[in-house]
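Structural overview for review
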Amino acid sequence: MVKVYKPGKVAIVLQGRQAGKKVVVIKQVDEGSKERPYPHAIVAGIERYPRKVTRRMGQKKLATRSKVKPFIKVVNYSHLFPTRYTFELDGLKGSVANDTFKEPSQREDAKKNIKKQLEEKYVQGKNKWFFTPLRF
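Just so it is clear, the structure is predicted and the values come from calculations on it, not from any experiment. (Residues numbered from 1 in each chain as written. Predicted model: local features only at pLDDT ≥ 70, side-chain atom pairs only at ≥ 80, totals over all residues. Heavy atoms only, no water.)

Things to note about the layout of surface pockets
Taken as a whole, the largest pocket spans an internal volume of roughly 170 Å³. If you trace the largest pocket, you find it lined by Pro50, Arg51, Lys52, Lys121, Tyr122, Gly125, Lys126, Lys128, Phe131, Thr132 and Pro133. In terms of residue class, the lining of the largest pocket is built from four nonpolar, two polar and five charged. (1 Å grid on protein atoms, 1.4 Å probe; cavity = no way out; pocket = protein on both sides within 12 Å on 5 of 7 lines; lining within 4 Å. Points joined across faces, edges and corners; volume = space filled by probe spheres on them. Nonpolar A, V, L, I, M, F, W, Y, C, P; charged D, E, K, R; others polar.)

See the structure below:
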């Protein structure tokens, strides 16, 4: 079987609280694990997308509107929809692991790290499609 969900692949969550949100696959587990006996992926996505900015806005307003609220989650493959897009995750790979979800403080640290990296990507202007909410 062809591996669809490779690290860096952009997907859309179909079920649950973050349904309709775009995510990046950080790590995939095709065979499943002991506590999760189904194929799943560790993903990082955007819960609150950055707002629209215009040229007239000042630096302070621009900074507040460019903020991103991320989430990290373990998602079943059947609840993901792959897209043709990829996302460079240079620093995202090391920030989230399987044991990150056991301790709330580790989870918060991982979210802060991901938030910083996603905001940097947004300010650089790369992967514009990833930072716009789906319209449906």
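Considerations on the environment of Arg36
Take Arg36: it is sitting in the loop between β2 (22-29) and β3 (40-48). C-alpha separation for the pair Arg36 and Ser95, spaced 59 residues apart in sequence, amounts to 21 Å. (Helix = DSSP H or I, 4+ residues; strand = E, 2+ residues; numbered from the N terminus.)

Some points on the packing of aromatic side chains
Applying the stated rule across the entire model yields six aromatic pairs. Relative to Trp129, the ring of Tyr85 lies with its centre 4.2 Å away and its plane at 25°, an arrangement referred to as stacked. Of this pair, Tyr85 sits in strand β5 (residues 80-86) while Trp129 sits in the segment after α3 (104-124), and the two are 44 residues apart along the sequence. Classification of Tyr85 by relative accessible area gives partly exposed; the value is 30%. Centre to centre, the rings of Phe87 and Phe131 are 6.2 Å apart; their planes meet at 65°, and the pair counts as edge-to-face. Here the residue Phe87 occupies a position in the loop between β5 and α2 (92-95), and Phe131 occupies one in the segment after α3, the gap between them amounting to 44 residues. The same class applies to Phe87 and to Phe131, which are both buried. (Phe/Tyr/Trp six-rings, centres within 6.5 Å; stacked < 30°, edge-to-face > 60°. Buried < 20%, exposed > 50% of the residue type's maximum accessible area, 1.4 Å probe, protein only.)

Regarding the nonpolar core
Grouped together as the largest cluster of nonpolar side chains are 19 residues, with contacts concentrated most on Ile46, Ile72, Phe87, Val96, Ile114, Leu118 and Phe130. Residues within four places of Phe130 in sequence aside, it is in contact with Val10, Lys22, Val23, Val24, Ile46, Tyr49, Phe87 and Leu118. By size, the runner-up hydrophobic cluster in this structure holds eleven residues, among which are Tyr5, Val13, Val25 and Val43. (Core = buried A, V, L, I, M, F, W, Y, C linked by side-chain atoms within 4.5 Å. Contact = heavy atoms within 4.5 Å.)

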